[in-house]
Amino acid sequence: MVAQFLIAFAAAGLAVLLALAWLRLADRGLAGAPVARGLERALEPIAFLFRDGTLVDATVPARTLLASLPGDSEWQRLSAWLGMRLPEFSALLPDLGGAARIELTERGGHSPLRLLAEDLGEGLLRLTLADPAAEDAGILVDSLSLHAMEQELEILRSAMDHSPMLAWRQDLQGQVTWANSAYLNLVEAKAQGQTVWPLPRIIDLSARPAQPAAPGGARRMQIDHDGQSRWYDCHLHEIGGQTVAIALPADAAVRAERSLREFVQTLTKTFADLPIGLAIFDRERNLQLFNPALIDLTGLATGFLTARPTLYAFLDRLREARMVPEPKDYRSWRNQMNTLEAAASSGHHVEMWSLPGGQTYRVTGRPHPDGAVAFLFEDITSEISLTRKFRADLSLGAEVLDALEDAVAVFAANGELLISNRRYAELWGAAAPATLEGHVQVWTQACGASPGLVALRDALNAALPDEPLRGAMAGPAGGLLSWGLRGLSGARLLLSFAAPVPPLPMGREAPRAADKPEPAASAAMQRALTG
């Protein structure tokens, strides 16, 4: 009995010890459980539940994603975003009713996106998004770093959406996988306000550019919309196996280039019709522009001019063709050409070239912007001949006036002395006044206020009739002096003074009756009329 009691007591004690040990272990387990549950951060899935295109329910990460996407409705924002990441999403979605389940994975990229679309019936569609690289990762992110990245992302997204340039990304197959707001707006405008996914390519980068490459290596492409053509300079970059394209508006540059071409064409046509030879040399003194008149005036070959010779090669060829003034030696000619080039580049410069062939050229040099210089070659041979003839005629007329025995003077309508002969200067003095009033004073001082002078003064102040006026007055030497007054065109006056014919010396034969002169006053007036 004692042995049985001891055995029962020992078994009870062992049971108590085991119970105490179990309770201690249980307490330790319960003490550590809350800490473990606090450290577990299970990743909540990104899931959407739609009914006929209307969002019914979504997880918190799903709603956060929708809030960051641009667009009007939830379905439009999500489908647009998925269409850029998964281009085949829009094409397979109508067939979901037959398949009930579709799984898509993004091609390329460091962290491809995976989409699971399930048809739950009664118009319900569940979309689940997952990042295979982040599944079961349980990574804790610093909130400050995350906020900074989100802020930078928002700045970049806002800057890209408000930019007037077109920006998009396309894969190796040419499928557009991403685009900014300017690109989307242009697509919607071309599609009458509808957003089509996948996005169409409004600029075919594989096509041949409509214009030569723009400055900076960009490709200039054209887009036709609403009956108008829009021009863009496209810059391409290869990033991650895809092509990122940025199209900058180039309408202003195209208009400026077109205006410049039209202006150059207008100038070219104008220069082609000019009789003046034109040669424009750039800052390196190479011929850049010339007109056909230069070939006609200089006789230089067209092939030589189109080869863009230098200024000195051009002048050397003119010298060989005897189209420059004949110099004493080559050194003096070179110095003369250096002076011509320096004077033309610093300001307006004109030279007269008397050529060995008897021609006369006027060479004008003018500076142009950016160090260029232009030369104008004008044949003025006929002008020089006409000027020489005119000067010869003037000289002959002056000789004829000086050969007259009468004193002759012509006054303008304002009383200014236009011309007088040598006999007039001898009669009234070489220092003649400039006006008619001054001449009247000279006559009065030399002859006195005689009745004839008063009559002449009254005739000068009155309107002249068509017939000439005649009269006589006392001369400066006390003799009789006849005057004649005749009106000319332009209200000009012709005034002549004639002295009586002196008697013949003794012993000289008197003139015959037929050759007998008229009275002195009448003869002087007649000469004044014919003069």
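Below or above, wherever it landed, is the structure these notes cover. (Residues numbered from 1 in each chain as written. Predicted model: local features only at pLDDT ≥ 70, side-chain atom pairs only at ≥ 80, totals over all residues. Heavy atoms only, no water.)

**Overview of the packing of aromatic side chains**
- For the coordinates displayed, the defined rule picks out 11 aromatic pairs.
- Each ring, one from Tyr424 and one from Phe497, has its centre 6.3 Å from the other, and the planes form 40 degrees; the classification is tilted. Pair noted here: Tyr424 is in helix α14 (residues 422–428) and Phe497 is in strand β20 (residues 493–498), with a separation of 73 residues, a long-range link. Each member of the pair, Tyr424 as well as Phe497, carries the same accessibility label: buried.
- Members of the aromatic cluster, connected to one another through ring pairs, are Phe281, Phe314, Trp353, Phe375 and Phe377.
- The ring of Phe304 has Arg317 sitting right over it, with the charged end atom 4.0 Å from the ring centre. (Phe/Tyr/Trp six-rings, centres within 6.5 Å; stacked < 30°, edge-to-face > 60°. Helix = DSSP H or I, 4+ residues; strand = E, 2+ residues; numbered from the N terminus. Buried < 20%, exposed > 50% of the residue type's maximum accessible area, 1.4 Å probe, protein only. Lys NZ or Arg CZ within 6 Å of the ring centre and 35° of its normal.)

**Remarks on the pattern of salt bridges**
- Per the stated rule, a full pass over the model turns up 15 salt bridges.
- For the salt bridge of Arg63 with Asp57, the shortest nitrogen-to-oxygen distance reads 3.7 Å.
- You can call Arg63 partly exposed: its relative accessible area is 42%.
- With a closest N to O distance of 4.0 Å, Glu74 and Arg77 form a salt bridge. Here the residue Glu74 and the residue Arg77 both occupy positions in helix α3 (residues 74–85), the gap between them amounting to 3 residues, near one helical turn.
- Taking the relative accessible area as the measure of exposure, Glu74 reaches 31% and is therefore partly exposed. (Salt bridge = Lys/Arg side-chain N within 4 Å of Asp/Glu carboxyl O.)

**Digging into the pairing of strand β1 (residues 46–51)**
- In this sheet, strand β5 (residues 124–130) lies alongside β1 in antiparallel orientation, the contact comprising 6 bridges. Each bridged residue has a counterpart across the sheet, and for Phe50 the counterpart in β5 is Leu125. (Pairing = 2+ DSSP bridges.)

**Some thoughts on the environment of Thr128**
- Relative to the helices and strands, Thr128 resides in strand β5.
- Remark: the alpha-carbon pair of Thr128 and Leu116, spanning 12 residues in sequence, is separated by 5.0 Å.
- Each residue touching Thr128, except ones within four places of it in the same chain, is listed here: Ile46, Ala47, Arg114, Leu115 and Leu116. (Contact = heavy atoms within 4.5 Å.)

**What about helix α12 (residues 330–346)?**
- The first and last C-alpha atoms of α12 sit 24 Å apart over 17 residues, in line with the 24 Å expected at 1.5 Å per residue.
- Buried within α12 we find Trp333, Met337, Leu340, Glu341, Ala343 and Ala344.
- The secondary structure elements touched by the buried residues of α12 are α11 (311–320), β13 (349–354), β14 (360–367) and β15 (373–379). (Expected span 1.5 Å × (residues − 1).)

**Structural notes on unusual backbone geometry**
- Positive phi, normally seen in glycine, also occurs at Glu122, with a value near 55 degrees.
- Structurally, the position occupied by Glu122 is in the loop between β4 (114–121) and β5.
- Residue Glu122 is classed as exposed on the basis of its relative accessible area, which comes to 71%.
- Phi angles above zero are rare outside glycine, and Arg308 is one such case at about 55 degrees.

**Quick notes on the sheet that holds strand β11 (residues 277–281)**
- The 5 strands lie next to each other as β12-β11-β15-β14-β13, forming an open sheet whose pairing is antiparallel. In this open sheet, the two edge strands, each paired with only one partner strand, are β12 (287–290) and β13. Averaged over all pairs of adjacent strands, the angle between their axes in this sheet comes to 20 degrees, without regard to strand direction.
- Two strands pair when backbone bridges link them, and β11 and β12 are joined in this way by 3 bridges, in the antiparallel orientation. From the neighbouring strand, Ala279 faces β12, where its bridge partner is Phe290.
- Contacts from α11 reach β11, β13 and β15, with the element oriented near 20 degrees to β15.
- The strands that α12 touches are β13, β14 and β15; relative to β13, the one it contacts most, it runs at about 150 degrees. (Axes fitted to C-alpha atoms, helices over the stretch in contact; angles between N-to-C directions.)

**Observations regarding the sheet that holds β4**
- Taken in spatial order, the 5 strands line up as β2-β1-β5-β4-β3 in an open sheet, and their pairing is antiparallel. Strands with a single pairing partner mark the edges of an open sheet, and in this sheet they are β2 (54–58) and β3 (101–105). Here the average twist between neighbouring strands, direction ignored, is 20 degrees.
- Taken strand by strand, α3 contacts β1, β2, β4 and β5, and its axis lies near 45 degrees from that of β5.

**Comments concerning the pairing of strand β8 (residues 219–225)**
- In this structure, β8 lies alongside strand β9 (residues 228–239), joined through 7 bridges in antiparallel fashion. Of the residues in β9, the one forming a bridge with His225 is Gln228.
- Taken together, β8 and the strand that follows it, β9, pair antiparallel across an intervening segment of 2 residues, in which Asp226 is found at a positive phi of about 55 degrees.

**Structural notes on a nonpolar patch on the surface**
- Judged by side-chain polarity, Leu260, Phe263, Val264 and Leu267 come together as a nonpolar surface patch covering roughly 350 Å² of accessible area.
- Looking at the secondary structure, you find Val264 in helix α8 (residues 251–273). (Patch = residues over 30% accessible without salt bridge, like charges linked within 9 Å, V, L, I, M, F, W, Y side chains within 5 Å. Areas by Shrake-Rupley, 256 points an atom, 1.4 Å probe, with all protein chains shown as cover.)

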